[in-house]
Amino acid sequence: MRSQRDTIDVWVFQHSRLMIPMLYMREVLSQTERERAEKIRPSNLRLSYLQAKFAFRTILAAHLHVPARELQITVSRFGKPRLPASNIEVSQSHSQDWSAVAVSAMGLIGIDIERWRPLANCRQLARHIMTDQEVRIFEGVSREPGRKFLELWTRKEAILKCAGHGLGQDPRTFHAGWDEQTVQFWWPALLS
């Protein structure tokens, strides 16, 4: 399944629904991924990590028509996965038992997923991720402020992943809003 030049393919899945034997998952992952998995405690989070990485490799291998274990994936200093021998862009996110993967031959791409959870301190957190304009809008939200906070946070993190800077870039430096169809940003550091 090769990506078309004008499409973005997205997968969202629950790790616990992947019924893959542990030994097979470990065979497919790189040495670095296996070593990182061994450091993860508790065991349910380790299993979730293995499942997410296995699925990511499987999806990319299908796009590139190569065996998943032979796939060469590098990671930028900000954590963005790259396929040096390919012209496709990829992004991955996971939250608890869920993952999202995006693949595109169109150019830069970013994806983020956040599991819904109550956030008691979202009003205080807002000033750490939102522009002044976004804070003013958010202060007027009376219904489900935690959900609105996570919606914006997910949007901003996907944009930061697209830019390749992840959380190395301050999310307050650009306005993403909740309803905008597109988000424009310019960081001269992206060109270096």
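Residues numbered from 1 in each chain as written. Predicted model: local features only at pLDDT ≥ 70, side-chain atom pairs only at ≥ 80, totals over all residues. Heavy atoms only, no water.

Chemist: Now, about the sheet that holds strand 5 (residues 98–104): what can you tell me, with residues and values included?
Modeler: If you trace the three strands from one edge of the open sheet to the other, you get 1-5-4, paired in antiparallel fashion. The sheet is open, and its two edges are formed by strand 1 (8–14) and strand 4 (89–95), each paired on a single side. Strand-to-strand twist of the sheet, defined as the mean angle between neighbouring strand axes without regard to direction, takes the value 10°. Summarising the sheet, strand 4 and strand 5 pair through seven bridges and their orientation is antiparallel. Bridged to glutamine 92 within strand 5 is valine 101. (Pairing = 2+ DSSP bridges. Helix = DSSP H or I, 4+ residues; strand = E, 2+ residues; numbered from the N terminus. Axes fitted to C-alpha atoms, helices over the stretch in contact; angles between N-to-C directions.)

Chemist: How would you explain unusual backbone geometry if you had to name every residue and give the values?
Modeler: The amide bond that connects arginine 41 to the next residue, proline 42, takes the cis arrangement and shows omega of 0°. Relative to the helices and strands, proline 42 is located in the loop between helix 2 (31–38) and helix 3 (43–64). Residue histidine 65 is not a glycine yet carries a positive backbone phi of 60°. Tracing the chain through its elements places histidine 65 in the loop between helix 3 and strand 2 (74–75). In the Ramachandran plot, glutamate 144 falls in the positive-phi region, its phi being about 50° despite a non-glycine side chain. Considering the arrangement of structural elements, one finds glutamate 144 in the loop between helix 5 (132–139) and helix 6 (145–163). Residue classification places glutamate 144 among the partly exposed positions, given a relative accessible area of 40%. (Buried < 20%, exposed > 50% of the residue type's maximum accessible area, 1.4 Å probe, protein only.)

Chemist: Explain the pairing of strand 4 to me, and be specific about the residues and the numbers.
Modeler: Counting buried residues along strand 4, five of its seven residues qualify, which places the element largely inside the surrounding structure. Hairpin connection between strand 4 and strand 5: a loop of two residues separates the two successive antiparallel strands, and glutamine 96 in this loop has a positive phi of roughly 60°.

Chemist: Go over the nonpolar core, please, and point to the residues and values.
Modeler: Most often, soluble globular proteins keep nonpolar side chains buried together rather than apart. Among the nonpolar cores identified, the biggest contains 17 residues, and Met130, Phe138 and Phe149 are the most heavily contacted of them. Taken together, the elements giving at least two residues each to this core come down to helix 4 (122–129), helix 5 and helix 6. If we ignore the near neighbours within four places in the chain, the residues touching phenylalanine 138 are Cys122, Arg123, Ala126, Met130, Pro145, Lys148, Phe149 and Trp178. Ala55, Leu83, Ile88 and Val101 belong to the second largest nonpolar core, which has 12 residues in total. (Core = buried A, V, L, I, M, F, W, Y, C linked by side-chain atoms within 4.5 Å. Contact = heavy atoms within 4.5 Å.)

Chemist: Report on the packing of aromatic side chains, specifying residues and quantitative values.
Modeler: For the structure on display, the rule yields three aromatic pairs. Measuring from centroid to centroid gives 5.6 Å for tyrosine 24 and phenylalanine 54, while their planes differ by 65°, and the two rings are edge-to-face. Placement of the pair is tyrosine 24 in helix 1 (residues 22–28) and phenylalanine 54 in helix 3, with a sequence separation of 30 residues. Here tyrosine 24 falls in the partly exposed class, since its relative accessible area comes to 41%. Grouping aromatic residues by their ring pairs yields a cluster made of Phe138, Phe149 and Trp178. (Phe/Tyr/Trp six-rings, centres within 6.5 Å; stacked < 30°, edge-to-face > 60°.)

Chemist: I'd like to hear about the environment of glutamate 35, residue by residue, with values.
Modeler: Structurally, the position occupied by glutamate 35 is in helix 2. Of the residues examined, glutamate 35 reaches a relative accessible area of 43% and is grouped as partly exposed.

Chemist: Any chance you could break down the side chain of arginine 46 for me, citing the residues and the numbers?
Modeler: Relative to the elements of secondary structure, arginine 46 occurs in helix 3. Comment: no salt bridge for buried arginine 46; closest opposite-charge side chain is glutamate 38, at 4.8 Å. Of the polar contacts made by the side chain of arginine 46, one reaches the backbone oxygen of isoleucine 40; its length is 3.2 Å. Setting aside anything within four residues of it in sequence, one finds arginine 46 in contact with Arg26, Ala37, Glu38, Ile40 and Arg41. (Lys, Arg positive; Asp, Glu negative; His and termini not counted. Salt bridge = Lys/Arg side-chain N within 4 Å of Asp/Glu carboxyl O. Polar contact = N/O pair within 3.5 Å; in protein donor to acceptor, adjacent residues only side chain to side chain.)

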